[in-house]
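Notes for the structure review
Single-letter residue listing:
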Amino acid sequence: MDRVLRRRRATVNDVALEAGVSRGTVSRVLNGERYVSSEARAAIDAAIAKVGYVPNTAARNLVTQRSGAIGLVVHEPHSLFVEDPNIASILLGANAALSEADYQMACLIADTRRDVDRLARYLSGGLLDGVIIVSARTSDPITSVVEKLQLPAAFIGHPVDISTSAYVAIDNVAGAREITSRLVATGRKKIGMIAAALDRDSGADRLAGFTEALGGDVDPSLVAGVRLYSYSDGQAGMRELLERHPDIDGVFASSDAVAAGALDVLTAAGRSVPGDVGVVGFDDSSWALRCDPPLSTVHQPATELGRAAADAVLRQLQGEPVEPGGIFLDTPIVWRASA
């Protein structure tokens with residue numbers, strides 16, 4: 001038998017013959033069913049190792065109609081995918097939870113409109129059991145496809161137009177309001193904001209929190225809108241604010257990467273931080289500690305967000321209903337030397 005097995009792939013029948021049990025008993029063990037004696041299970045495990053049996057995943061998927069894969073869709077430019085440590089932390093948190101459940105994670109990046117359209121078609125093909133979506137925009141075609149297919153899904157963040165899918169989020173309004181209030185309490189009189197990603201819920205909510213902290217009446221010229229949570233956009237936003245208000249003495253940057261860019265522009269302009277200008281950010285990412293001085297910021301639990309989103313998808317695959325109202329994680333303030 002050994003010579004035969006070397007010439008072909010081992011089968012369930014080979015395992016059953018070696019273990020001295022029925023083919024049905026082997027199938028029950030492979031499918032994770034509990035009603036098999038410990039002696040039979042041990043014999044089957046030993047037989048699998050001896051004959052070199054590898055399950056035919058494709059065939060099993062045809063029967064179960066499951067792929068064993070969950071997609072992590074990141075709707076960001078390729079450059080930001082590499083630059084943003086939050087995305088990496090979300091990815092690692094999600095992958096850890098999926099790995100524990102024996103699921104494979106497929107990472108999918110949507111940069112251009114062509115990417116988005118291609119991914120929408122891909123999701124319609126039944127190649128994934130569920131998806132985790134990061135940085136969805138309002139009226140996002142991917143969101144529409146997910147909800148139309150009723151695909152098990154969890155959003156990180158809460159786009160206003162999702163209705164039936166699960167989401168895991170932080171309270172961006174409260175976090176922005178609290179860090180801005182702390183900046184005001186240091187005695188700053190003219191505080192501006194570099195407001196990134198206003199086309200998604202996180203960016204719009206952080207601007208709302210900033211506005212609330214200043215009493216709801218903010219000079220529009222003290223808000224520099226930029227496209228992405230990126231270092232280069234932080235530089236551009238800070239230059240814009242300095243040009244409009246050379247006497248600015250406080251800045252809320254809507255991410256740590258944005259704040260890092262702002263700090264470098266302030267330094268080049270001869271402004272000391274926090275002496276002349278107090279600067280605060282959002283995320284408590286690795287950017288915050290690379291800044292000089294270290295950045296006061298809002299802690300975003302990115303790894304925990306990824307894990308919680310993966311758990312939400314796995315629960316749906318087990319038949320559990322979507323939790324109403326979403327899941328919100330805490331965002332404490334981390335105060336350092338920049339303000």
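Residues numbered from 1 in each chain as written. Predicted model: local features only at pLDDT ≥ 70, side-chain atom pairs only at ≥ 80, totals over all residues. Heavy atoms only, no water.

Once that is clear, we can look at the nonpolar core. One finds I70, L98, I132, I156, F210 and F252 to be the most contacted residues of the largest nonpolar core, which totals 41 residues. For this core, the secondary-structure elements that each account for two or more residues are β1 (69-74), α7 (85-100), β3 (130-134), β4 (153-156), β5 (166-170), α10 (172-185), β6 (191-196) and α15 (302-317). In terms of residue count, α15 provides more of this core than any other element does, nine residues in total. When sequence neighbours within four positions are dropped, the list of residues in contact with F210 reads A176, R177, T180, I191, G192, M193, V218, V223 and F252. (Core = buried A, V, L, I, M, F, W, Y, C linked by side-chain atoms within 4.5 Å. Buried < 20%, exposed > 50% of the residue type's maximum accessible area, 1.4 Å probe, protein only. Helix = DSSP H or I, 4+ residues; strand = E, 2+ residues; numbered from the N terminus. Contact = heavy atoms within 4.5 Å.)

Split into domains, the protein comes out as domain 1 (12-55), domain 2 (69-169 + 303-329) and domain 3 (172-299). Here the C-alpha centroids of domain 1 and domain 3 sit 61 Å apart. (Domains from an automatic or database assignment.)

The amide bond that connects V273 to the next residue, P274, takes the cis arrangement and shows omega of 10°. Summarising the element assignment, P274 is placed in the loop between α13 (256-268) and β9 (278-280). For Q150, which is not a glycine, the phi torsion comes out positive at approximately 55°. Relative to the assigned elements, Q150 resides in the loop between α9 (141-149) and β4. Phi is positive for D283, close to 135°, though the residue is something other than glycine.

Now for the side chain of S165. Here S165 lies in the loop between β4 and β5. Apart from residues lying up to four places away in sequence, S165 is in contact with V146, E147, A153, F155 and V322.

With that settled, consider the packing of α10 against helix α11 (residues 201-213). Their axes nearest at 7 Å, the elements α10 and α11 cross at an angle of 40°. One element, α10, and the other, α11, form an angle in the oblique class. As α10 runs across α11, the sense of the crossing is right-handed. Each of N172, V173, A176, R177, T180 and S181 in α10 lies in contact with α11, whose residues at this interface are S202, D205, R206, A208, G209, F210, E212 and A213. In terms of residue class, the contact of α10 with α11 is made up of five nonpolar, five polar and four charged. (Axes fitted to C-alpha atoms, helices over the stretch in contact; angles between N-to-C directions. Parallel < 35°, antiparallel > 145°, perpendicular 65-115°, else oblique. Left-handed = near helix turned anticlockwise from the far one by under 90°. Nonpolar A, V, L, I, M, F, W, Y, C, P; charged D, E, K, R; others polar.)

Counting across every chain of the model gives 11 salt bridges. With a shortest N-O distance of 3.2 Å, K50 and E18 are connected by a salt bridge. In this pair, K50 is assigned in helix α4 (residues 38-51) and E18 in helix α2 (residues 12-19), connecting sequence segments 32 residues apart. The partner of D247 in a salt bridge is K190, and the shortest N-O contact between them spans 3.1 Å. Of this pair, D247 sits in the loop between α12 (231-244) and β8 (250-253) while K190 is found in the loop between α10 and β6, placing the two residues 57 residues apart along the sequence. Overall, the relative accessible area of 47% leaves D247 in the partly exposed class. One connected set of salt bridges, linked through shared partners, spans E76, D199 and R200. (Salt bridge = Lys/Arg side-chain N within 4 Å of Asp/Glu carboxyl O.)

Now for the environment of A260. Inspection of the secondary structure puts A260 in helix α13. Sequence separation between A260 and V51 is 209 residues; the distance between their C-alpha atoms is 58 Å. Residue contacts for A260: discarding those within four places in its chain leaves Y231, W287 and C291.

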